[in-house]
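These are the residues of each chain, in order.
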Amino acid sequence: MSTLAPRAVVVSRRSELDELLARHGTRAAAAYFLRQRGKDTAAVTARHAALRAALTEVGAAIPVDWRRGHVDREDLPRFLFGPEDIVIAVGQDGLVANVAKYLDGQPVLGVDPEPGRNPGVLVPHRASAVAALLRGPLAAVERTMVAARLDDGQELVGLNEVYLGHPSHQSSRYVLSTVDGERERQSSSGVVVGTGTGATGWCASIARERPAPPAMPVPEEEALCWFVREAWPSPATGVTLTAGRLGSAETLELTSESERLVVFADGVEADRLELAWGQRVSVGLATSRLRLVHS
């Protein structure tokens, strides 16, 4: 058993004001840029202040004898999480999805810096609640995740969904194989496989366009849903297998017939796997789960 004190790792992303300053250099230049478009800096300044205040309050809530870490969303692929870590994500719901795939059972405490502005599904807590939460035992619920595994052993995990297709969302050519043993050569805008957590996002927008979509899973359910985007009918490609569900031991397989296809999770295109012609990827439930602190 480890004798190390827990490490609280605070995860955040740059605010809109930070992004503007990175692009324009000064507040005056950023304000001029916004004025030219009929806007001002009041809203982005207020959101920046709310984020900074939440980060300050969270930092003060961490017990003094704990170790500490802070990582920006952009640096997550290079950050090494430890088994004793307690992750505190301060930001929008999507920030929890961004960090989830880099964890291996560490609990995540989601903090909403602007209650009422964000849905708060994955960041249900206010900064003022963090001190009390860290003092007691952390009660967490587990959320299903999705994994894409290449035939060379590479793997990518996502909390909401994984996308398989052309890097610029142009036509992707591949052979799709379902759990029922059906196979179809397709040309489409890609394939999206989502979890119950992601069923209210990208998958939901695709499902609304389908006359009879599959039943969407709930966040804790051992099931996934999948959709083919804009399948193109031709003498060589079909449009029969365009949606379905996957159970606990089931996978959807895709064999590339394009020179270069990609797989990325939760909208983070920079962190991706690449498939060459003839390479195969299998998508199913991940062995890991997100442990989301709820009280």
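Per-chain numbering applies: the sequence of each chain, read as written, is numbered from 1 onward. The predicted nature of this model means local features are confined to residues of pLDDT at least 70 and side-chain atom pairs, given and counted, to a pLDDT of 80 or more, with totals for whole chains, interfaces and linings taken over all residues. Hydrogen atoms and water are omitted, and side-chain values are computed over all heavy atoms in the structure.

Visitor: Would you take a moment to explain empty space enclosed by the protein for this structure?
Guide: Empty pockets left among the atoms are what a rolling probe the size of a water molecule brings to light. In this analysis, the protein atoms alone were mapped onto a 1 Å grid. Cavities are point sets where a 1.4 Å probe fits without being able to get out; pockets are open sets with protein on both sides within 12 Å along at least five of seven lines; lining residues have an atom within 4 Å of a point. Grid points are joined across faces, edges and corners, and a volume is the space filled by probe spheres set on the points. Within the structure shown, the criterion is met by 2 cavities of 30 Å³ or more. Put simply, the largest cavity is a space of about 40 Å³. Contributing to the lining of the largest cavity are A100, L103, D104, G105, Q106, M145, R289, L290 and R291. For the lining of the largest cavity, the class distribution of residues is 4 nonpolar, 2 polar and 3 charged. Computed from the structure, the second largest cavity encloses a volume of approximately 30 Å³. Along its surface, the second largest cavity is lined by R13, R14, E19, D72, R73 and E74. When its residues are assigned to classes, the lining of the second largest cavity shows no nonpolar, no polar and 6 charged. Side-chain classes follow a simple rule in which Ala, Val, Leu, Ile, Met, Phe, Trp, Tyr, Cys and Pro form the nonpolar group, Asp, Glu, Lys and Arg form the charged group, and the remainder, Gly included, forms the polar group.

Visitor: Explain the pairing of strand 1 (residues 7-12) here, please?
Guide: The two faces of a sheet get side chains in turn, since along a regular strand they alternate between them. The buried label applies to any residue whose accessible area, calculated with a 1.4 Å probe on protein chains only, is under 20% of its type's maximum; exposed applies above 50%, and partly exposed to all values in between. Helix and strand labels come from DSSP, where a helix needs a run of H or I of at least four residues and a strand needs a run of E of at least two; each type is numbered from the N terminus. For strand 1, a buried count of 6 out of 6 residues is recorded, marking the element as mostly surrounded by other parts of the structure. What you see with strand 1 is no split at all: R7, V9 and V11 on one side and A8, V10 and S12 on the other are buried throughout. Here strand 1 pairs with strand 3 (residues 85-90) via 5 bridges, running parallel. Bridge assignment links A8 to a residue of strand 3, and that residue is I86. Bridge analysis of strand 1 against strand 2 (residues 67-72) gives 6 bridges, and the strand direction is parallel. Across the sheet, S12 pairs through a bridge with D72, a residue of strand 2. By the convention used here, strands pair only if DSSP detects at least 2 bridges between them.

Visitor: Just to check I follow, could you spell out the sheet that holds strand 6 (residues 146-150) for this structure?
Guide: Hydrogen bonds between backbone groups are what pair the strands of a sheet, and the pairing can be parallel or antiparallel. Read across the sheet, 6 strands follow the order 7-6-17-14-9-10 without closing on themselves; strand pairing throughout is antiparallel. Edge positions in the sheet fall to strand 7 (155-158) and strand 10 (183-188), since each of these pairs with one other strand and no more. Shown here is a sheet whose adjacent strand axes are inclined to one another by a mean of 25°, direction ignored. Sheet topology note: the strand 9 (residues 172-177)/strand 10 ladder contains 6 bridges and is antiparallel. If you follow Y174 over to strand 10, its bridge partner there is Q186. Between N-to-C directions, angles span 0 to 180 degrees; the directions come from axes that are lines fitted to C-alpha atoms, helices contributing only their stretch in contact.

Visitor: What's the story with the state of the cysteines in this structure? I'm lost.
Guide: One way to say it: the disulfide is the covalent bond shared by the sulfur atoms of two cysteines. We call a pair of cysteine sulfur atoms a disulfide whenever their separation is within 2.5 Å. Applying the stated rule across the entire model yields 0 disulfides. Not part of a disulfide, C203 finds its nearest cysteine sulfur in C225, a span of 4.0 Å. Classification of C203 as buried rests on a relative accessible area of 0%. The class of C225 is buried, set by a relative accessible area of 0%.

Visitor: Explanation requested: the packing of aromatic side chains in the structure shown.
Guide: The geometry of an aromatic ring pair is captured by two quantities: the separation of the ring centres and the angle between the planes. Note on aromatic contacts: the rings of Phe and Tyr and the six-membered ring of Trp form a pair at centre separations within 6.5 Å, being stacked when their planes are under 30 degrees apart, edge-to-face when over 60 apart, and tilted otherwise. Within the structure shown, the criterion is met by 3 aromatic pairs. Ring-pair connections join several aromatic residues into one group, and the members of that group are Y163, W202 and F264.

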